[in-house]
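Structural features, examined
Single-letter residue listing:
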Amino acid sequence: MTQNDEGPVAPNALGRVTWALRRTELAVQALKEQRLRPLGIAVAHYSLLITVHNQPGLTGAELARRLGVTPQAVASLVARLEGRGQLERHEHPRHRHVQELHLTQAGSDVLRAADKVIDEVEQQITGALGLAGAEQLRALLGEVAEAVRES
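Rules and cut-offs
- Residues numbered from 1 in each chain as written.
- Predicted model: local features only at pLDDT ≥ 70, side-chain atom pairs only at ≥ 80, totals over all residues.
- Heavy atoms only, no water.
- Helix = DSSP H or I, 4+ residues; strand = E, 2+ residues; numbered from the N terminus.
- Contact = heavy atoms within 4.5 Å.
- Areas by Shrake-Rupley, 256 points an atom, 1.4 Å probe, with all protein chains shown as cover.
- Patch = residues over 30% accessible without salt bridge, like charges linked within 9 Å, V, L, I, M, F, W, Y side chains within 5 Å.
- Salt bridge = Lys/Arg side-chain N within 4 Å of Asp/Glu carboxyl O.
- Buried < 20%, exposed > 50% of the residue type's maximum accessible area, 1.4 Å probe, protein only.
- 1 Å grid on protein atoms, 1.4 Å probe; cavity = no way out; pocket = protein on both sides within 12 Å on 5 of 7 lines; lining within 4 Å.
- Points joined across faces, edges and corners; volume = space filled by probe spheres on them.
- Nonpolar A, V, L, I, M, F, W, Y, C, P; charged D, E, K, R; others polar.

Some details on the overall build of the chain
In terms of helices and strands, the chain carries five helices and two strands. For the chain, the N- to C-terminal ordering of α and β elements is α-α-α-α-β-β-α. Projected onto its principal axes, the C-alpha coordinates of the chain cover approximately 70 × 40 × 30 Å. Restricting the contact set of the chain to residue pairs at least 6 apart, pairs at least 24 apart contribute 49%. Approximately 10,500 Å² of the chain is accessible, and the part contributed by carbon and sulfur atoms is 54%.

Structural notes on a nonpolar patch on the surface
Residues V17, L21, I125, L129, L137, L141, V144 and V148 make up a contiguous nonpolar surface patch of roughly 610 Å² in combined accessible area. It is helix α5 (residues 105–150) that provides the largest number of residues to the nonpolar patch, a total of six residues. As for its position among the elements, L129 is in helix α5. When its relative accessible area of 42% is taken as the criterion, L129 is described as partly exposed.

Describing the side chain of T126
Within the fold, T126 resides in helix α5. By relative accessible area, T126 is classed as buried at 11%. If we ignore the near neighbours within four places in the chain, the residues touching T126 are L131 and A134.

Regarding the pattern of salt bridges
Scanning all chains against the criterion turns up five salt bridges. A salt bridge links E122 to R138; its shortest N-O distance comes to 3.2 Å. A cluster of three or more residues bridged by salt bridges with shared partners is formed by E122, E135 and R138.

Here we look at the layout of surface pockets
By volume, the largest pocket is sized at about 760 Å³. Only α1 (17–36) and α5 provide two or more residues apiece to the lining of the largest pocket. The dominant element in the lining of the largest pocket, judged by the number of residues it contributes, is α5, at 13 residues. For the lining of the largest pocket, the per-class residue count stands at 15 nonpolar, four polar and four charged.

Have a look at this one:
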């Protein structure tokens, strides 16, 4: 029997930039989830609320595209946040079967509180990297996003 020197992955697989990005995203998401938990919301709720705040009147389908999730996932989140009184649906002015999403005052209040928590996470990262390092990281991540969009 001969030994196959080729493993199932390249020797440097765990040193790849893509793996570092994934580990970092998981760590940041876990920290955000932990810090948001006392407010009774998840990172997915924050993402939805801030997106609707920045673009009031989005439909569920538009929101799903912007968040990179399925329409079913958005429908579930919207129903949960609507049940909490944080979101409301308004009939589209020209298309009666389309509903637009808007924050309520309660939604704005919880978003404000959650954004303070997310800003604290941001400050923790910036504190570790320094202002110049944080700016450099933002620029590099922007370059990564552009590089993968071009392919």
